[in-house]
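# A look at the structure
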Amino acid sequence: MKKKILMGLLSSTLLLTACGNTEESPEENNPAEDPTEDVTDEDTGAEETNDSSEEVDEAEESSAATIKTLYTAPHGDKAFAATFVVMDGDTIANVVIDEYQFTDSEEVTGVPNSDAQFGEGSAEGMTLISKLENDDFYSENMEQAGSTVSYGDNLAAIEDFAKGKTIAEIEETIDELDGLGEDDDVADVVSGATLVDTSGYLQSIVDTTNDGIEFIGAEEADLTNAELSYSLQAPHGDQSFGVVSVLHEGDTVLAAYVDEFQFVDPADFDGVPNSDAGFGENYNEDVVLASKMQNDEAYSAMMTEFAEATNTYAENMQAIIDFAVGSSVEDIEATIAELDGLGEDDDITDVVSGATFADTDGYLQAIVNTIKE
């Protein structure tokens, strides 16, 4: 099955690169430094990720399975969201939205590695959480504010509303919501939704479709029975956490997206949305939470400086996702076992073409976990 990855970013200055730790790479105590070392010095010739008009035109003409992802701020300044959108022609086939926010409560489940080195990037006593993963906790707080519908049910209503609609139709709905008066009901426009910022979540879907990072998976795909799964993972070390979304039919991968968030130096990296607002007030001193995918150049430079990396994060992720697309869970698990059995003189790229990360097995496992969970 022919596959390729086309990555479009919110800004033309942002491209992709970065991550993976080996036993040989220097172990840093500063959460702002977690360089990746390639496991081979040989350039594997992985396909470049620079956009081209030829690639864009081809993508528009194909019926490939794609996942588009963007980080936005649909609700206030104390959180940021990850939105994953699957398109079927000019209509939305599937959507997943989650938000991440800090809390000082001890009754929550933090993002992966919150109790490890990643957690050291948060202000004392604060924990970064996924709202979806902590739906009961977050919804209880909403109830205290008078909400009658849980956070998870609200997002499900918004996502269900968007499915099967064009961007133009969603934009019309946003205008309608923005025009509501104090006595009007959001649920009359988007059935089941009660969030006052429902229009903001719909806008995130629009923005993701227009400007999101795009991973093209299976070149020809029937999305009728396809499912979009999402999870939080820790595919590499304890200084970051990953977000993974997988479009799959049964246990066969049609498309996938993997990114990781890490606390890094604000002088060199652009933070996630609201880093300069209420959300960023919960950072420890001299760090900012950043997406590795959206800070490719900066993270690549750090990889090269600390670990003499030869392949970029984007090239590695492209190779890993290319391998996964079209494979079943059983196929991927067999490859993970093969990777785990490699010796010091063996090359990972001989197993997963183009991949040189020592934690290639970890990223593949994250894809498998997302389908199974």
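Residues numbered from 1 in each chain as written. Predicted model: local features only at pLDDT ≥ 70, side-chain atom pairs only at ≥ 80, totals over all residues. Heavy atoms only, no water.

- An unreviewed UniProt entry lists the protein chain under the name Peptidoglycan-binding protein, with Candidatus Atopostipes pullistercoris as the source organism.

### Considerations on the sheet that holds strand S8 (residues 252-264)
- Pairing in this open sheet of four strands is antiparallel, and the strands run S6-S7-S8-S9 from one edge to the other. Every interior strand has two partners, whereas the edge strands, strand S6 (227-233) and strand S9 (288-291), have only one. This sheet shows a mean twist of 15° between the axes of neighbouring strands, independent of strand direction.
- Pairing of S8 with S9 involves four bridges; the strand directions are antiparallel. Within S9, the residue paired with Gln 262 across the bridge is Ala 290.
- Contacts between helix H9 (residues 360-372) and the sheet are confined to S6, strand S7 (240-249) and S8, with S7 contributing the most and set at about 55° to the helix. (Pairing = 2+ DSSP bridges. Helix = DSSP H or I, 4+ residues; strand = E, 2+ residues; numbered from the N terminus. Axes fitted to C-alpha atoms, helices over the stretch in contact; angles between N-to-C directions. Contact = heavy atoms within 4.5 Å.)

### Some words on helix H5 (residues 198-211)
- Given a rise of 1.5 Å per residue, 14 residues ought to cover 20 Å, and the 20 Å separating the end C-alpha atoms of H5 matches this to within 8%.
- For H5, the complete set of buried residues consists of Thr 198, Ser 199, Gly 200, Tyr 201, Leu 202, Ser 204, Ile 205, Val 206, Thr 208 and Thr 209.
- Contacts made by the buried residues of H5 are with strand S1 (66-72), strand S2 (79-88), strand S3 (91-103), helix H3 (151-162) and helix H4 (167-178). (Expected span 1.5 Å × (residues − 1). Buried < 20%, exposed > 50% of the residue type's maximum accessible area, 1.4 Å probe, protein only.)

### Some thoughts on the nonpolar core
- If you look at the biggest cluster of nonpolar residues, it comprises 70 residues, and the most contacted ones within it are Val 243, Leu 247 and Leu 289.
- Element by element, the count of residues in this core is highest for S8, at nine residues.
- Other than its neighbours up to four places away in sequence, Val 243 contacts Tyr 71, Phe 84, Tyr 100, Tyr 230, Ser 231, Leu 232, Tyr 257, Val 258, Asp 259 and Phe 261. (Core = buried A, V, L, I, M, F, W, Y, C linked by side-chain atoms within 4.5 Å.)

### A look at the environment of Leu 289
- Looking at the secondary structure, you find Leu 289 in strand S9.
- Sequence separation between Leu 289 and Phe 263 is 26 residues, and the spatial gap between their C-alpha atoms is 4.4 Å.

### Some points on the packing of helix H2 (residues 135-144) against H3
- Two numbers describe how H2 lies on H3: the axes approach to 8 Å, and their chain directions differ by 95°. With respect to H3, the axis of H2 lies roughly perpendicular. Contact residues: Asp 135, Tyr 138, Ser 139 and Met 142 in H2; Tyr 151, Gly 152 and Asn 154 in H3.
- When its residues are assigned to classes, the contact of H2 with H3 shows three nonpolar, three polar and one charged. (Parallel < 35°, antiparallel > 145°, perpendicular 65-115°, else oblique. Nonpolar A, V, L, I, M, F, W, Y, C, P; charged D, E, K, R; others polar.)

### Considerations on the sheet that holds S3
- Pairing in this open sheet of five strands is antiparallel, and the strands run S4-S3-S2-S1-S5 from one edge to the other. Only two strands of the sheet have a single partner each, and these edge strands are strand S4 (127-130) and strand S5 (213-216). When the angles between neighbouring strand axes are averaged without regard to direction, this sheet yields 20°.
- Here S1 pairs with S2 via five bridges, running antiparallel. Within the sheet, the bridge partner assigned to Leu 70 lies in S2 and is Thr 83.

### Some thoughts on H9
- The end-to-end C-alpha distance of H9, which contains 13 residues, comes to 19 Å, matching closely the 18 Å that a straight helix rising 1.5 Å per residue would cover.
- Of all 13 residues in H9, ten are buried; the element is thus mostly enclosed.
- Restricting attention to buried positions, one finds in H9 the residues Thr 360, Asp 361, Gly 362, Tyr 363, Leu 364, Ala 366, Ile 367, Val 368, Thr 370 and Ile 371.
- Residues of H9 that are buried sit in contact with S6, S7, S8, helix H7 (313-324) and helix H8 (329-340).

### Section: the environment of Asp 296
- With respect to the element layout, Asp 296 can be found in helix H6 (residues 296-307).
- Here Asp 296 falls in the buried class, since its relative accessible area comes to 7%.

### A few points about the confidence of the model for the protein chain
- When pLDDT is averaged across the protein chain, the result is 85; 83% of the residues are at 70 or more.
- Low confidence marks residues 1-31, where pLDDT is under 50. Its contacts with residues over four positions away, or in another chain, come to 126 contacts.
- Per-residue pLDDT stays below 50 along residues 36-62; that stretch engages in 61 contacts with residues further than four places along the chain or on separate chains. (pLDDT = per-residue confidence, 0-100.)

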